[in-house]
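Reading the structure
This is what each chain is made of:
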Amino acid sequence: MKPFLVAPSILSADFARLAEDIKAVEEAGADWLHVDVMDGHFVSNLTIGAPVVRALRACTKMPLDVHLMIENPEKYIADFISAGSDYITIHVEATKDVSKCLNLIRDSGKKSGITLRPSTPIEEILPFLNQVDLVLIMTVNPGFGGQAFMHDQVEKITRVRTEIEKNNLQILIEVDGGINSETAIECRDADVLVAGNYVFKNDYKKSIRALKAARGVS
Ligand code: DX5
Ligand code: ZN
């Protein structure tokens, strides 16, 4: 069976007690921690930056999966690398030089990821598959937690899976937005599911277990 990982998004955690929340999701069976970085330009919301990633690094051994929803990520990639990120994912729409950003990440020994808005055709990211370790398919418009899963994005997951298999690539597929125990079933071609509200607004252990059960993993 394919590995299947759950990455709770701290966007839905209690920011006043982040360290406790993170320990709790780790004990509840989370595999990675998903960190949503927003700049108020690429998306209308504003969240956190590299100093918070550095603080998180000190609180957990889970891989830190950093999703940059920021314009010109090349300006900040070095900060997120030195803060202790493991995966750094950039939006294809956010920079004029996607390859340069992916190389910056990989040259530092970190894992590179690419993602796209729901309105962006999947073809936009395909030229970069040989430069990434992870493809993130967004199933909501980036910017906010707690939105409804966009079913029409599922075909992008299948498309990327086909490309990976056809070209024998070592790439993880991650899905982000509106994930719960029902929508998880639709993401059968994904390796990693991000879940914000579904984990943090419910019992952590039960919801992580329900996601794994939806994918046939105990
Ligand atoms: C949205 C973020 C997501 C978000 C997911 O821009 O990228 O990671 O936190 O939250 P839920 O799981 O609540 O849709
Ligand atoms: Zn995200």
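Residues numbered from 1 in each chain as written. Chains lettered and ligands numbered in written order. Predicted model: local features only at pLDDT ≥ 70, side-chain atom pairs only at ≥ 80, totals over all residues. Heavy atoms only, no water.

In this section: the coordination of the zinc ion (ligand 2). Those donors, His34 (NE2), Asp36 (OD), His67 (ND1) and Asp176 (OD), are the protein atoms that reach the zinc ion (ligand 2), and they lie 2.1 to 2.3 Å from it. One can describe the donor arrangement at the zinc ion (ligand 2) as octahedral, given that its six donor atoms subtend angles of 69 to 168° at the metal. In the primary sequence, the donor residues of the zinc ion (ligand 2) line up as H-x1-D-x30-H-x108-D. Pair noted here: His34 is in strand S2 (residues 33–38) and Asp176 is in strand S7 (residues 172–176), with a separation of 142 residues, a long-range link. (Donors = N, O, S within 2.8 Å, 3.2 Å for Na, K, Ca; no water. Tetrahedral: all angles 85-135°; square planar, octahedral: opposite > 155°, others 65-115°. Helix = DSSP H or I, 4+ residues; strand = E, 2+ residues; numbered from the N terminus.)

So, about the nonpolar core. Grouped burial of nonpolar side chains is what soluble globular proteins tend to show. Within the largest apolar cluster, 62 residues are counted, with the highest numbers of intra-cluster contacts made by Ile10, Leu68, Ile114, Val135, Ile137 and Val175. For Ile137, the residues in contact, after removing those within four places along its chain, are Thr115, Leu116, Ile122, Gln153, Lys156, Ile157, Val160, Ile173, Glu174, Val175 and Asp176. Ranked by size, the runner-up nonpolar core spans nine residues in total, among them Ala7, Trp32, Tyr87 and Met138. (Core = buried A, V, L, I, M, F, W, Y, C linked by side-chain atoms within 4.5 Å. Buried < 20%, exposed > 50% of the residue type's maximum accessible area, 1.4 Å probe, protein only. Contact = heavy atoms within 4.5 Å.)

With 13 residues, helix H5 (residues 154–166) extends 19 Å between its outermost C-alpha atoms, agreeing within 8% with the 18 Å of an ideal straight helix rising 1.5 Å per residue. Burial in H5 covers these residues: Val154, Lys156, Ile157, Val160, Arg161, Glu163 and Ile164. Of the surrounding secondary structure, the elements contacted by the buried residues of H5 are strand S5 (111–116), strand S6 (134–138), S7 and helix H6 (183–186). At the exit of H5 stands Asn168, carrying a positive phi of roughly 55°. (Expected span 1.5 Å × (residues − 1).)

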